[in-house]
Amino acid sequence: MGRQQGGRQRKERGALPRSSQTAIQSQQQQPEVDPNAPLPADDVGVSWADVKLFFFTWAALVALFGLGGYLLYEDEYQRQLQDHLMNKGMTSTQEGRWEESIASFTAVLEKDRDHIVALTNRGMAYAKLGQDVEAMLDFTASLAAVGRHDPQNRIRTLYNRGMVYIRLNHLNEAYSDLTEVLEKSPREYADAFTQRGLVHALRDNRKEAQADFAAGCRYGQEASCARLEAGGGHH
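Quick look at the structure, then. (Residues numbered from 1 in each chain as written. Predicted model: local features only at pLDDT ≥ 70, side-chain atom pairs only at ≥ 80, totals over all residues. Heavy atoms only, no water.)

## Some thoughts on the overall build of the chain
Looking only at helices and strands, the chain has twelve helices and zero strands in total. Seen in sequence order, the chain has helices and strands lined up from the N terminus as α-α-α-α-α-α-α-α-α-α-α-α. For the chain, the residues scored as buried account for 33% of the 235 residues in total. For the chain, contacts bridging at least 24 residues in sequence account for 44% of all contacts bridging at least 6. (Helix = DSSP H or I, 4+ residues; strand = E, 2+ residues; numbered from the N terminus. Buried < 20%, exposed > 50% of the residue type's maximum accessible area, 1.4 Å probe, protein only. Contact = heavy atoms within 4.5 Å.)

## Comments concerning the packing of aromatic side chains
All chains considered together, the criterion is met by two aromatic pairs. Geometrically, the ring pair formed by Tyr-159 and Tyr-189 is tilted, given 5.3 Å between the ring centres and 45° between the ring planes. With a gap of 30 residues between them, Tyr-159 in helix H8 (residues 151-167) and Tyr-189 in the loop between helix H9 (171-184) and helix H10 (191-202) connect regions that are remote in the sequence. Ring centres of Phe-193 and Tyr-219 lie 5.7 Å apart, and the angle between their planes is 15°; this geometry places the pair in the stacked category. (Phe/Tyr/Trp six-rings, centres within 6.5 Å; stacked < 30°, edge-to-face > 60°.)

## Things to note about the pattern of salt bridges
Scanning the model with the defined rule gives eight salt bridges in all. With a shortest N-O distance of 2.3 Å, Glu-95 and Arg-97 are connected by a salt bridge. Here Arg-161 and Asp-177 are joined by a salt bridge, their closest N and O atoms 2.7 Å apart. With Arg-161 in helix H8 and Asp-177 in helix H9, the pair connects residues that are 16 residues apart, well separated along the chain. (Salt bridge = Lys/Arg side-chain N within 4 Å of Asp/Glu carboxyl O.)

## Details of the environment of Trp-98
The residue Trp-98 is located in helix H5 (residues 98-111) in this model. Sequence spacing of Trp-98 and Tyr-126 is 28 residues, and the spatial spacing of their C-alpha atoms is 7.5 Å. Apart from residues no more than four positions distant in its own chain, Trp-98 is found in contact with Thr-93, Ala-125, Lys-128 and Leu-129.

## Comments concerning the side chain of Arg-196
Looking at the element boundaries, Arg-196 is found in helix H10. Looking at Arg-196, its side chain comes within polar contact range of the side chain of Thr-179, at 3.3 Å. Of note is the side chain of Arg-196, whose polar atom sits 2.8 Å from the side chain of Asp-212. Setting aside residues up to four positions removed in sequence, Arg-196 forms contacts with Tyr-175, Leu-178, Thr-179, Leu-182 and Asp-212. (Polar contact = N/O pair within 3.5 Å; in protein donor to acceptor, adjacent residues only side chain to side chain.)

## Describing helix H7 (residues 132-146)
The end-to-end C-alpha separation of H7 is 21 Å, in line with the 21 Å expected for 15 residues at 1.5 Å each. Taken together, the buried positions of H7 are occupied by Asp-132, Ala-135, Met-136, Asp-138, Phe-139, Ser-142, Leu-143 and Val-146. Projected onto a plane normal to the axis of H7, the buried residues spread over an arc of 165° and lie on a single side. Among the exposed residues of H7, those pointing more than 90 degrees away from its buried face are Leu-137 and Ala-144. Buried positions along H7 lie against helix H6 (116-128) and H8. Downstream of H7 by a residue or two, Gly-147 has a phi angle that is positive, lying close to 60°. (Expected span 1.5 Å × (residues − 1). Arc of directions from axis to C-beta.)

## Description of the side chain of Asn-160
Residue position: Asn-160 is located in helix H8. Engagement of the side chain of Asn-160 in a polar contact is seen with the backbone oxygen of Arg-156, the distance being 2.8 Å. With residues near it in sequence (within four places) discarded, Asn-160 still touches Met-124 and Phe-139.

Quick look at the structure:
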């Protein structure tokens, strides 16, 4: 009996507590960790797709701002070029170099076909060279582009087109243009009285011709006075 109790006591002293046995078993059951294995996405914080999206967005923004800067530079360059060509054309016009004037305004119109000042001035240069059809086409294009939004340029263009129409023997069109000019600006364009009087004379409307020559003479137009003294006919 005593021998059995002593053996049981030795076994109890040599045995580990139950909690320690459980801890050892759980450690033995845990898998080994591979140090080269990639961390889970939750541990990294961003995925590879997020990284690719970031770099794609960054590259797109760089390209966009680069293109925007280039376009701004190109717009400014084209504007300065147009201004240079316009100044060159106006200088050539003032100096009576009509071919050079036409070349400069043509270069402007290649970039902006509705540039009303270039159209009007090129038309005047054509008219000075006797190229009346080309002048008439430019004046007509200028009037179509400006409409009635620029009265000063419109009146100037109508006057010049009316003069060209007379030389082309388009008398009805000439009468219409010159009449609008005289309705809007008779003092500044008093010569239009002389020109419209000439239209009347060419159409054998002597009375209307004399009335226009008399009006022109009152505004100091010597050509009107001379035609009035000559009887108001076409010579």
